[in-house]
Amino acid sequence: MIYADNAATTKMSKKAIDEMVEYMEGCYGNPSSLYEFGQEAKVALEDARNRIAACIGADAKEIFFTSGGSEADNQAIFSAAKLGEKHGKKHIISTAFEHHAVLHTLERLKKQGFDVELLDVHKCGVVTPEQVRAAIRPDTCLVTIMFANNEIGTVQPIKEIGEICREKGVLFHTDAVQAVGHLPVNVREQNIDLLSLSAHKFHGPKGIGVLYARKGVVLDNVINGGAQERGKRAGTENLPAIRGMAVALEEAVGNIDSYTAKLIPLRNRLIDGLNKIPYSELNGDAEKRLAGNVNFCFEGIEGESLLLLLDDKGICASSGSACTSGSLDPSHVLLAIGRPHEVAHGSLRLTLGEDTTAEDVDYIVKSVTEVVTYLRNMSPFWRDLVNGKRPHVFAE
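About the cut-offs
Residues numbered from 1 in each chain as written. Predicted model: local features only at pLDDT ≥ 70, side-chain atom pairs only at ≥ 80, totals over all residues. Heavy atoms only, no water. Core = buried A, V, L, I, M, F, W, Y, C linked by side-chain atoms within 4.5 Å. Buried < 20%, exposed > 50% of the residue type's maximum accessible area, 1.4 Å probe, protein only. Helix = DSSP H or I, 4+ residues; strand = E, 2+ residues; numbered from the N terminus. Contact = heavy atoms within 4.5 Å. Pairing = 2+ DSSP bridges. Axes fitted to C-alpha atoms, helices over the stretch in contact; angles between N-to-C directions. Parallel < 35°, antiparallel > 145°, perpendicular 65-115°, else oblique. Left-handed = near helix turned anticlockwise from the far one by under 90°. Salt bridge = Lys/Arg side-chain N within 4 Å of Asp/Glu carboxyl O.

(A) Representation of the nonpolar core in the model. If you look at the biggest cluster of nonpolar residues, it comprises 55 residues, and the most contacted ones within it are Ile63, Val143, Phe147, Leu195, Phe202 and Met245. Contributions of two or more residues to this core are made by α1 (14–25), α2 (36–55), β2 (63–66), α5 (129–135), α6 (158–168), β7 (194–198), β8 (209–213) and α7 (239–254). Non-local contacts of Ile63, meaning those with residues more than four positions away in its chain, are made with Arg49, Ile52, Ala53, Ile56, Ala58, Val210, Leu211, Tyr212, Glu229 and Arg230.

(B) Inspection of the sheet that holds strand β9 (residues 280–282) at higher detail. Read from one edge of the open sheet, 3 strands run β9-β10-β12, paired in antiparallel fashion. Two strands bound the open sheet, and with one partner strand each, they are β9 and β12 (347–351). Strand-to-strand twist of the sheet, defined as the mean angle between neighbouring strand axes without regard to direction, takes the value 20°. One ladder, built from 3 bridges, connects β9 with strand β10 (residues 293–298); its direction is antiparallel. Following the sheet pairing, Leu282 is matched in β10 by Phe296.

(C) Spatial organisation of the packing of helix α8 (residues 256–275) against helix α12 (residues 358–377). Following both chains from N to C, one finds α8 and α12 inclined at 20°, their axes separated by 9 Å at the closest point. As judged from the angle between their axes, α8 and α12 are roughly parallel. As for the relative orientation of α8 and α12, their crossing is right-handed in sense. When α8 is examined against α12, the residues Leu266, Arg269, Leu270, Gly273 and Leu274 are found in contact with a partner set consisting of Ala358, Val361, Asp362, Ile364, Val365 and Val368.

(D) Quick look at the environment of Phe147. Summarising the element assignment, Phe147 is placed in the loop between β5 (140–144) and α6. The class for Phe147 is buried, based on a relative accessible area of 4%. Sequence spacing of Phe147 and Val177 is 30 residues, and the spatial spacing of their C-alpha atoms is 7.9 Å.

(E) Region of the structure containing the pattern of salt bridges. Under the definition given, this model contains 26 salt bridges. Ionic pairing is found between Lys366 and Glu370, a salt bridge with its closest N-O pair at 2.9 Å. In this pair, Lys366 and Glu370 both sit in helix α12, 4 residues apart, roughly one turn of the helix. With relative accessibility at 48%, the residue Lys366 sits in the partly exposed group. By relative accessible area, which is 33% here, Glu370 ends up partly exposed. Each of the salt bridges in this network shares a partner with another, and the network as a whole consists of Glu19, Asp47, Arg51, Arg243 and Glu250.

Structure representation (structure tokens):
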């Protein structure tokens with residue numbers, strides 16, 4: 001099996017697994033308990049908080065543990081909106097290709113009277129600092145722009161956007177779920193006020209994440225109950241998962257340079273191979289993208305069929321199309337970069353990892369080429385394209 005869906009989730013590292021087992025078997029006390037066994041767990045919890053903070057250039061008191069990136073996105077955005085509303089500011093800036101954890105939260109805020117402005121990300125899949133500067137108004141309370149896109153992998157100019165927000169006195173949140181552990185992240189240097197991350201994207205466990213909130217940014221509770229996380233996130237802390245996340249993040253951050261040096265040549269080899277398939281195109285900027293991300297559209301096919309046939313060949317991949325979740329709608333990300341519906345349906349996302357080899361890449365290219373040819377040969381839509389009854393979108 002070739003696993004090429006690391007953007008969806010990653011295999012847990014052996015170090016993270018060993019760490020979790022230790023804290024499930026040996027140090028399983030409740031960190032809120034006053035007796036010694038509980039306080040040992042509390043010390044381990046705060047040690048993990050300090051280590052995670054160091055990995056992103058934050059202070060430990062700015063780290064709040066959550067169930068993952070979606071919860072962190074929700075809390076960050078609702079908190080910033082509430083702060084803005086107190087000062088009569090109800091304008092929020094984001095982009096059209098954010099993760100649904102952000103977009104659906106913004107939809108809720110629109111129903112509460114907030115004015116949400118979604119910036120164009122262009123064909124290249126990158127928003128410019130100039131767009132952000134031009135969009136900020138006196139009543140803007142938040143800019144929320146993802147660090148790296150989860151589908152097409154494009155990386156945004158976060159530091160420059162943060163500088164503009166800081167200059168204008170506007171809170172800046174970034175969904176960094178795809179970036180942390182894969183790109184250098186420093187919340188101080190990059191002028192970030194709020195940041196979301198999720199452990200299972202960098203070889204940690206599922207169901208655990210972090211919301212970073214800069215000192216002075218008051219968080220609004222999404223989960224109410226006990227006084228955990230300094231009263232900002234109720235619920236007994238999942239200490240084994242938190243310890244596993246800390247170990248996985250340290251390991252990932254320490255390996256960013258070697259990880260990038262290995263994956264970029266493999267990514268480019270894969271792009272070059274898939275580019276040889278007629279009437280296909282890479283989605284997003286070829287350079288300003290994550291080291292392991294390759295996302296293509298192919299004319300004349302459906303992404304779901306492509307995925308199922310690749311699975312038969314032992315390749316795990318994903319599609320930009322939402323059809324696998326029961327919807328016939330194509331990916332909102334691909335529509336945001338200007339892909340027409342009929343092309344956006346025929347998309348494929350391949351995300352490489354540390355275990356990917358050149359032989360894997362060559363096999364993927366061979367298999368995708370065979371499957372695309374097979375699907376086109378049985379497609380009435382493709383026959384219409386070949387016979388000139390429909391115009392091609394891509395050049396041959």
